[in-house]
Structure formats: C-alpha cells, structure tokens
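# Coordinates in review
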Amino acid sequence: MSANQTDTKTAEDKRAWGALWALVIGFFMILVDSTIVSTAMPAIMNGLDTDINGVIWVNSAYLLAFAVPLLITGRLGDRFGPRTIYLIGLVVFTLSSLWCGLSGDISTLIIARVVQGLGASMMSPQTMTFITRMFPYARRGAAMGVWGAVAGIATLVGPILGGVFVDTLGWEWIFFVNVPVGVLAIWRVLVKVPELERHSHSFDWLGVGLSASAMFALVFGIQEGNGHDWGPFIGPIGSWHLIIGGVVLLGLFIWWQAATRAEPLVPLGLFKDKNFSLANIAIAFMGLSITAMSFPMILYLQSVRGLTPTLSALMLAPMAVVAGVLAPVIGKSVGKIEAKYFAVPGFFLFGAAITAYGLILRADTPFWVLLLPPVFMGLGSAMIWPSVSLTATRDLGQANAGAGSGVYNTTRQVGAVLGSALIALMMESRIAVESEKVVASMAAGASGAPAGVGAEPGSGAQVPEFLHQAFSLALGQALLLPGIVAMAAALVALMFRKGAHAAAK
C-alpha cells in the first residue's frame with residue numbers, strides 16, 4: 001500500500017469515527033428516555049395528580065410512537081439522506097423534551113411523549129445506516145462495539161439518571177436535561193457528519209399505511225389489553241380485536257411487499273439472508289429481556305427494601321459499568337472471530353444472571369449478593385450487542401442499509417414493548433397469587449385484610465412488612481420470564497453462520 005493510500009485510509013477512518021461519535025450522543029439520549037421514566041413514576045403521579053394507569057401511558061406512549069414508524073424512517077433515510085432525517089428527528093426530539101418538562105397535566109405530557117417518540121424513531125435507524133455505509137467490514141465490528149456499548153449502557157443508565165434527577169431537581173429534569181444535550185448533538189452532527197449518497201427509491205405509500213397500521217394495532221392492543229386485565233373491550237374496540245386486526249394487517253403488508261411491482265418498503269429478499277433473519281429474532285428477545293427485567297428489580301428495591309430511586313437504580317450500576325467497558329473491546333474482536341462465539345455465551349450469561357437474580361429475591365437477601373448477578377448481566381450484554389448487530393448488517397448492500405437497519409431497529413423496539421406488557425402481566429398475576437397465600441394463612445378470626453394489603457404495586461407505596469416475602473417471591477418469579485427468553489436467544493444465535501465477508505477471508 002502506497003503512502004497516499006495509507007493517508008487516504010487514515011483520513012477516511014478519522015472521518016467515520018468522528019461522525020459516529022457525533023451520532024451516538026443523540027442515540028444515547030433517545031435510548032435513555034426509553035427507561036428513564038421508570039424511577040420517576042411516583043413523582044410524576046404526585047406532581048400531575050394522576051393514577052398509575054395515567055403514568056404508565058407516559059412510558060407506553062413513547063414506546064408506541066418510537067416503534068410504529070421505524071420501518072418508514074429507515075427508508076426515509078435512504079430516500080432523503082440519513083443525515084437530513086437524523087437532524088430533523090433530533091430537533092423534534094429536543095423541542096418535545098422541553099415540552100414534556102413544561103407539561104402541567106398528564107394528558108399534555110402523554111402527547112409530548114408521542115412527539116418525542118416520533119423524533120426518536122427518525123434518529124434510531126440512521127445510526128446503523130451510517131455504520132454500514134461508512135465503515136468497511138474489517139473495521140465495522142469495532143464501530144458496532146461502540147454502538148452496542150451505547151445501546152446497552154443507555155437502557156441500563158436510564159433508571160439511574162431518573163433516580164438522581166427525581167431525588168435532587170424534580171421529575172421535570174429527566175426531560176429538561178435533553179435540551180442542552182440535544183443542542184450539543186445538533187452542533188456535532190452539523191460539524192462532523194457528512195452527507196451520504198442518496199438512493200433514488202420510489203416510495204411505497206400503501207406499504208407505509210399497512211405497516212404503520214399493523215404495528216400500531218398490535219402494540220396498542222397488547223398495551224391496553226394488559227392495562228384492562230384483557231377485558232373484552234377497550235372503549236368500543238376489544239383488545240383482542242386490535243391484536244387480531246394487527247396480525248391481519250401485517251399479513252396484508254407482507255403480501256403487498258411480495259406482490260407490488262414498485263420498489264417495496266421492505267425488500268423481502270433481506271430475509272433470504274439467514275443471518276439477517278436470525279439476528280432479528282435474537283434482538284427481539286434481547287429487547288424483551290432487557291426491558292422486562294428492570295421493572296421487577298426496581299419495584300423490589302423501592303417497595304420492599306425501601307431504597308430511594310437513586311439507590312435502587314445504583315444497585316444495577318455494575319451492569320452498566322461492565323457493559324460500557326467491555327462492549328467496545330469485544331466489538332473489535334467480533335470482526336475477526338465468528339459472531340456466534342460471542343452471542344451464544346453472551347445470551348446464556350445474560351439470561352442465567354437474570355434467572356439467578358429472580359431465584360435469590362427474598363425480603364432479607366443481603367445487598368452485596370444482589371450486586372453479583374448484574375456483573376454477569378453486563379458481561380453478557382457487552383457480548384450480545386456488537387455481535388448480533390454486526391451479524392444483522394454484515395451482508396447488506398449499500399442500497400439496503402436503510403431498510404435493513406429500519407427492520408432491525410423495529411424488531412428490537414417491538415421486543416421492548418412486548419417485554420413491558422408481559423412483565424406487567426407477570427408481576428400482577430404472581431403478586432396476586434403470593435399475596436392471597438399470605439392472607440389465607442392469617443388467623444381465621446381476622447375481621448378483614450390487614451392494613452396495606454390493598455397497596456397498589458408500582459404506585460410508590462411501601463409494601464407492608466408482612467407482605468415483603470410474598471412480594472419478593474412474586475417479583476422473583478416474574479424475572480424468570482426475561483431470563484428464560486434471553487437463554488432461548490442463545491439457541492437462535494447458535495445457528496448464526498459465517499457471513500459472505502468473513503467466509504471470503
């Protein structure tokens with residue numbers, strides 16, 4: 001290689017890394033907002049005079065608005081340029097964050113969170129598109145390691161930041177903090193991120209409508225069905241009707257993508273790549289597990305052990321620290337070693353550590369014991385994010401980068417929404433069963449349920465002492481769901497194969 005070629009390669013690497021670091025500022029911010037509300041829910045309830053159902057929608061609205069448009073926004077990046085779409089999304093996200101903090105009632109806050117989610121959905125796919133298009137395969141693993149570290153740390157750090165702001169400045173600051181960060185991110189993108197070649201795609205408007213309608217019906221039906229105990233109706237429409245309708249619309253969307261003579265929104269040929277298909281399944285399981293695990297842990301630490309929001313979130317800090325330190329290191333090796341050699345043990349460690357955490361939950365479990373499983377969760381997480389992300393995007397062509405990253409991010413986010421709904425259902429059902437056992441064992445002559453039995457889980461109320469053990473067991477049982485799902489993902493990752501680039505070496 002000549003000196004000129006070496007200098008050109010070095011300049012291209014510097015340019016690519018500068019762009020990536022500028023992009024991950026905003027990417028980190030939007031993922032933090034997926035989890036930061038969890039530790040602030042009691043404070044929001046008190047501040048805006050709402051109930052638990054109202055405050056749950058603060059998080060659900062963001063997840064819904066984030067998940068539904070992802071297929072579309074990935075394609076928009078191809079059509080109008082990923083830098084342009086990313087910047088528009090970043091401006092929308094930053095302004096809506098200010099709106100969230102200034103909200104004076106729960107309805108306004110929910111609407112602002114919807115707009116915030118829309119901004120996030122425009123940003124998320126563009127980050128992976130830039131990695132795929134700016135980094136050659138040999139150095140893409142390291143870039144994916146940084147992306148994976150940011151994704152992993154953000155979803156874990158969110159509750160910690162939420163606890164700190166709630167305990168010091170007030171719940172509004174979990175949103176206000178995005179404003180200066182957003183301004184910084186806008187400046188760095190304008191300075192460091194280049195315009196990439198645009199691909200002159202036609203736009204499948206019918207596909208847009210079908211995919212958005214299907215996603216909305218599925219996610220909304222699951223969220224509302226859980227909130228209404230899967231009752232027969234949500235207003236005039238039943239939750240099961242919405243879910244079934246979403247499945248039908250999804251089937252129509254897939255049929256249309258195969259039948260249309262115009263360029264489809266999602267090239268179904270992407271799924272001929274076995275790695276792409278398997279990576280999407282694996283990342284959905286990861287999204288479900290990492291979202292579902294935090295709710296029982298935080299509820300146990302606050303409502304049973306009496307910790308403040310900050311201290312309860314800090315109990316999970318080892319996970320974020322280990323993941324943040326190791327993910328970039330592991331990412332550098334993913335491009336040289338088969339991804340499944342990281343993904344399989346990573347998923348197994350992550351799932352086994354969550355399961356172990358659930359099995360040791362008792363009313364008097366020593367705190368130092370509770371700090372051990374998060375270390376292994378962080379190690380597993382660090383191995384998962386870069387290996388699965390690289391597997392998904394490794395063999396995508398330049399023209400399919402936006403569509404592929406849109407599908408991948410959509411899959412991860414849908415997994416997160418499902419995890420949120422399913423863990424709530426698990427917690428409610430197991431708490432009810434374990435609490436009934438305690439009440440049934442009380443003296444037969446008791447005139448009524450002991451004081452505090454009716455305290456609503458997750459409302460911020462301290463659980464009565466005589467129910468501590470029952471709540472601990474119930475929340476531990478709920479954690480078996482994300483633990484088992486993560487270990488099941490190890491079986492999926494076991495089927496990863498060498499991609500075309502790796503096999504050519």
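Residues numbered from 1 in each chain as written. Predicted model: local features only at pLDDT ≥ 70, side-chain atom pairs only at ≥ 80, totals over all residues. Heavy atoms only, no water.

### Side note on the overall build of the protein chain
- Counting its secondary structure elements, the protein chain contains 21 helices and 0 strands.
- Counting across all 505 residues of the protein chain, residues that qualify as buried make up 58%. (Helix = DSSP H or I, 4+ residues; strand = E, 2+ residues; numbered from the N terminus. Buried < 20%, exposed > 50% of the residue type's maximum accessible area, 1.4 Å probe, protein only.)

### Considering the packing of helix α14 (residues 317-334) against helix α17 (residues 372-393)
- α17 packs onto α14 with a crossing angle of 35 degrees between their chain directions and a minimal axis gap of 7 Å. Considering how the two elements wind past one another, α14 and α17 form a crossing that is right-handed. Across the interface between the two elements, P318, M319, V322, A323, L326, A327, I330, G331 and V334 from α14 touch P374, V375, M377, G378, L379, S381, A382, M383, P386, S387 and L390 from α17.
- Residues belonging to the contact of α14 with α17 are distributed by class as follows: 16 nonpolar, 4 polar and no charged. (Axes fitted to C-alpha atoms, helices over the stretch in contact; angles between N-to-C directions. Left-handed = near helix turned anticlockwise from the far one by under 90°. Contact = heavy atoms within 4.5 Å. Nonpolar A, V, L, I, M, F, W, Y, C, P; charged D, E, K, R; others polar.)

### Regarding the side chain of R412
- Position of R412 among the secondary structure elements: in helix α18 (residues 401-441).
- The buried charged residue R412 lacks any salt bridge, with D33 as its nearest oppositely charged partner at 13 Å.
- If near-sequence neighbours (up to four positions away) are discounted, R412 is found in contact with L31, F66, S124, W147, I283, G287 and W385. (Lys, Arg positive; Asp, Glu negative; His and termini not counted. Salt bridge = Lys/Arg side-chain N within 4 Å of Asp/Glu carboxyl O.)

### A look at the pattern of salt bridges
- A complete count under the given rule lists 1 salt bridge for this structure.
- For R113, the salt bridge goes to D33, with nearest N and O atoms at 3.5 Å. Highlighted residues: R113 in helix α6 (residues 106-134) and D33 in helix α1 (residues 3-35), separated in sequence by 80 residues. For the pair shown, R113 and D33 are each scored as buried.

### Quick notes on empty space enclosed by the protein
- By the definition in use, this model includes 4 cavities of 30 Å³ or more.
- The space that makes up the second largest cavity amounts to roughly 50 Å³.
- Those elements giving two or more residues to the lining of the second largest cavity turn out to be α1 and α12 (274-304).
- Here the lining of the second largest cavity gets 3 residues from one element, more than from any other, and that element is α12. (1 Å grid on protein atoms, 1.4 Å probe; cavity = no way out; pocket = protein on both sides within 12 Å on 5 of 7 lines; lining within 4 Å. Points joined across faces, edges and corners; volume = space filled by probe spheres on them.)

### Things to note about the nonpolar core
- In this structure, F347 and V388 are the most contacted members of the largest nonpolar core, which totals 114 residues.
- For this core, the leading source of residues is α12, giving 16 residues.
- Residue contacts for V388: discarding those within four places in its chain leaves A279, A282, I283, A343, F347, Y408 and F496. (Core = buried A, V, L, I, M, F, W, Y, C linked by side-chain atoms within 4.5 Å.)

### Here we look at the environment of A214
- Tracing the backbone through its elements, the reader meets A214 in helix α10 (residues 205-227).
- We classify A214 as buried; its relative accessible area is 1%.
- Sequence spacing of A214 and G251 is 37 residues, and the spatial spacing of their C-alpha atoms is 8.8 Å.
- Here A214 is in contact with G246, L249 and L250, once residues within four sequence places are set aside.

### Structural notes on the packing of α12 against helix α19 (residues 468-478)
- Running from N to C, α12 and α19 cross one another at 170 degrees; their axes reach a closest spacing of 9 Å. As judged from the angle between their axes, α12 and α19 are roughly antiparallel. Counting all contacts with α12, which are made through P296, L299, Y300, S303 and V304, the residues of α19 involved are H468, F471, S472, L475 and A478.
- Residues of the contact of α12 with α19, tallied by class, amount to 7 nonpolar, 3 polar and no charged. (Parallel < 35°, antiparallel > 145°, perpendicular 65-115°, else oblique.)

### Points about the packing of aromatic side chains
- This structure, assessed with the given rule, holds 5 aromatic pairs.
- Residues W173 and F176 carry aromatic rings whose centres are separated by 5.3 Å and whose planes lie at 80 degrees to one another, so their mutual orientation is edge-to-face. Here W173 and its partner F176 are both found in helix α8 (residues 173-176), 3 residues apart, which amounts to about one turn of the helix.
- Judged by its relative accessible area of 37%, W173 falls in the partly exposed class.
- Here W255 and W256 contribute two aromatic rings whose centre-to-centre distance is 6.3 Å and whose plane-to-plane angle is 45 degrees, an arrangement assigned as tilted.
- Owing to a relative accessible area of 55%, W255 belongs among the exposed residues under this scheme.
- The ring of F367 is capped by R305, whose NZ or CZ atom sits 4.3 Å from the centre of that ring. (Phe/Tyr/Trp six-rings, centres within 6.5 Å; stacked < 30°, edge-to-face > 60°. Lys NZ or Arg CZ within 6 Å of the ring centre and 35° of its normal.)

### Here we look at the confidence of the model for the protein chain
- On average, the protein chain scores 79 in pLDDT, and the residues at 70 or more come to 81%.
- For residues 443-460, every residue scores under 50 in pLDDT, and the model assigns this stretch 20 contacts once sequence neighbours within four places are set aside.
- Scored below 50 in pLDDT, residues 500-505 shows 9 contacts in the model against residues more than four places distant or in partner chains. (pLDDT = per-residue confidence, 0-100.)

### Observations concerning the layout of surface pockets
- Taken as a whole, the second largest pocket encloses approximately 530 Å³ of empty space.
- For the second largest pocket, the lining is made up of 21 residues, of which L250, F271, V407, T410 and T411 are closest to its centre.
- Mapped by element, the contributors of at least two residues to the lining of the second largest pocket are α10, α11 (239-259), α12 and α18.
- Here the element with the most residues in the lining of the second largest pocket is α18; it accounts for 5 residues.
- Its residues assigned to classes, the lining of the second largest pocket shows 15 nonpolar, 6 polar and no charged.

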